[in-house]
Every structure is written in C-alpha cells, then in structure tokens.
Amino acid sequence: MKKVFQSLRMKMLCMIAAMVAITSTVIEVTNYYLIVKQEQAASITLVITFLFVSFTTTVFYFIIRRYIIAVENLSKTMKGISNGDLSVDVVPLKGKNEISTLISSFNEMMTHMRMLR
C-alpha cells in the first residue's frame, strides 16, 4: 500500500510539474504576444504621427507662402514708388486679415497720391 501511495504521489508531483510548465509556457507566449502587439501599436502610432506632422507642415507651408509672396510684392512695389513710379498697384490679397488690409490701404494711398500729382 505504501508503494501505491508513493507511486500516486510521484504521479501527482509529475502532473503538477507538467501543469506548472504548461502554465509557465502559456504565460510566456501571452507576454510575447502582448509585447509584439505593443510594438505594432507603437509603430502604427509613430507612422500616424509622422503623417500628421507632414500634412500639417505642408498646409502651413502653403498658407505662409501665400502671405510671404504678398508681402514681397508689396515691398517691390514700395521700392518702385520710392524711385518715383506711382503707376503700380499691389495685387490685393483676398481675405480679411492684417496683410490684405495693409495692401488695400496701400492701394488707396497710391490712388490718393496719384490724384495729388
């Protein structure tokens, strides 16, 4: 009877060891899967962030470029006026912002200066 209990005890210990090994393997596989998913999520987040920054930069580039061109045209016209040429107007910029207001006021000033001349 003692041998039977020892044999059962050994079998139970072996089964417990096997269950611990299987549980440990399942936990390791699950952790690996989670790590891979986190890395994929981080990669996707990085790509989305890069695309958003690229899009935003492109939009701001074209918006700012529009205003810079308007200011450069105004500057060229003012240089021409300083040389005595009152016949040129600056092409107005559409919108209701500071630069379009400045260009509109400048064109009005030029019209009045031509009338005085």
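Computed from a prediction, not measured in an experiment: that's the story for all the values here.

A few points about the overall build of the chain
Along the chain, the regular secondary structure elements total two helices and zero strands. A compact globule built from 117 residues should have a C-alpha radius of gyration of about 13 Å, whereas the chain, at 39 Å, is more than 25% larger. Taken along the three principal axes of its C-alpha coordinates, the chain extends 130 × 20 × 15 Å. A burial count over the chain gives 11% of its 117 residues as buried. Sequence separation of 24 or more characterises 57% of the internal contacts of the chain that already satisfy a separation of 6 or more. For the chain, the accessible area works out to roughly 10,200 Å², and carbon and sulfur atoms hold 71% of it. When the 13 positive and 7 negative side-chain charges of the chain are each reduced to one mean point, those points stand 20 Å apart.

Quick word on the environment of A41
Relative to the helices and strands, A41 resides in helix α1 (residues 2-82). Expressed as a C-alpha distance, the spacing of A41 and D85, which sit 44 residues apart in the sequence, is 63 Å.

Digging into the nonpolar core
Counting residues in each nonpolar core, the largest one holds nine residues, listed as A70, L74, I81, L86, V90, L93, I103, F106 and M110. Mapped by element, the contributors of at least two residues to this core are α1 and α2 (98-116).

Considerations on the packing of aromatic side chains
One pass over the full model with this rule turns up one aromatic pair. Between Y61 and F62, the aromatic rings sit 5.2 Å apart at their centres with planes inclined by 75 degrees, giving edge-to-face as the arrangement. For F62, a relative accessible area of 46% puts it in the partly exposed group.

Section: a nonpolar patch on the surface
Taken together, the side chains of M10, M12, L13, I16, M19 and V20 present a nonpolar region at the surface, about 630 Å² in accessible area. By the secondary structure assignment, M10 is in helix α1.

A closer look at α2
Relative to the 27 Å expected for 19 residues at 1.5 Å per residue, α2 spans 27 Å between its end C-alpha atoms, a close match to the ideal helical length. Those residues of α2 that fall on the buried side of the exposure criterion are S100, I103, F106, N107 and M110. With its buried residues spanning 120 degrees around the axis, α2 presents them on a single face. Turned more than 90 degrees off the buried face of α2, the exposed positions are E98, M115 and L116.

Brief notes about the side chain of T77
Tracing the sequence through the fold places T77 in helix α1. Residue classification places T77 among the buried residues on the basis of a relative accessible area of 11%.

Observations regarding the environment of K94
Its location among the elements puts K94 in the loop between α1 and α2. C-alpha separation for the pair K94 and I22, spaced 72 residues apart in sequence, amounts to 72 Å.

Remarks on the side chain of S100
As for its placement among the helices and strands, S100 is situated in helix α2. The exposure class assigned to S100 is buried, which follows from its relative accessible area of 6%.

Analysis parameters
- Residues numbered from 1 in each chain as written.
- Predicted model: local features only at pLDDT ≥ 70, side-chain atom pairs only at ≥ 80, totals over all residues.
- Heavy atoms only, no water.
- Helix = DSSP H or I, 4+ residues; strand = E, 2+ residues; numbered from the N terminus.
- Rg over C-alpha atoms; globule rule 2.2 N^0.38 Å.
- Buried < 20%, exposed > 50% of the residue type's maximum accessible area, 1.4 Å probe, protein only.
- Contact = heavy atoms within 4.5 Å.
- Areas by Shrake-Rupley, 256 points an atom, 1.4 Å probe, with all protein chains shown as cover.
- Lys, Arg positive; Asp, Glu negative; His and termini not counted.
- Charge placed at Lys NZ, Arg CZ, Asp CG, Glu CD.
- Core = buried A, V, L, I, M, F, W, Y, C linked by side-chain atoms within 4.5 Å.
- Phe/Tyr/Trp six-rings, centres within 6.5 Å; stacked < 30°, edge-to-face > 60°.
- Patch = residues over 30% accessible without salt bridge, like charges linked within 9 Å, V, L, I, M, F, W, Y side chains within 5 Å.
- Salt bridge = Lys/Arg side-chain N within 4 Å of Asp/Glu carboxyl O.
- Expected span 1.5 Å × (residues − 1).
- Arc of directions from axis to C-beta.

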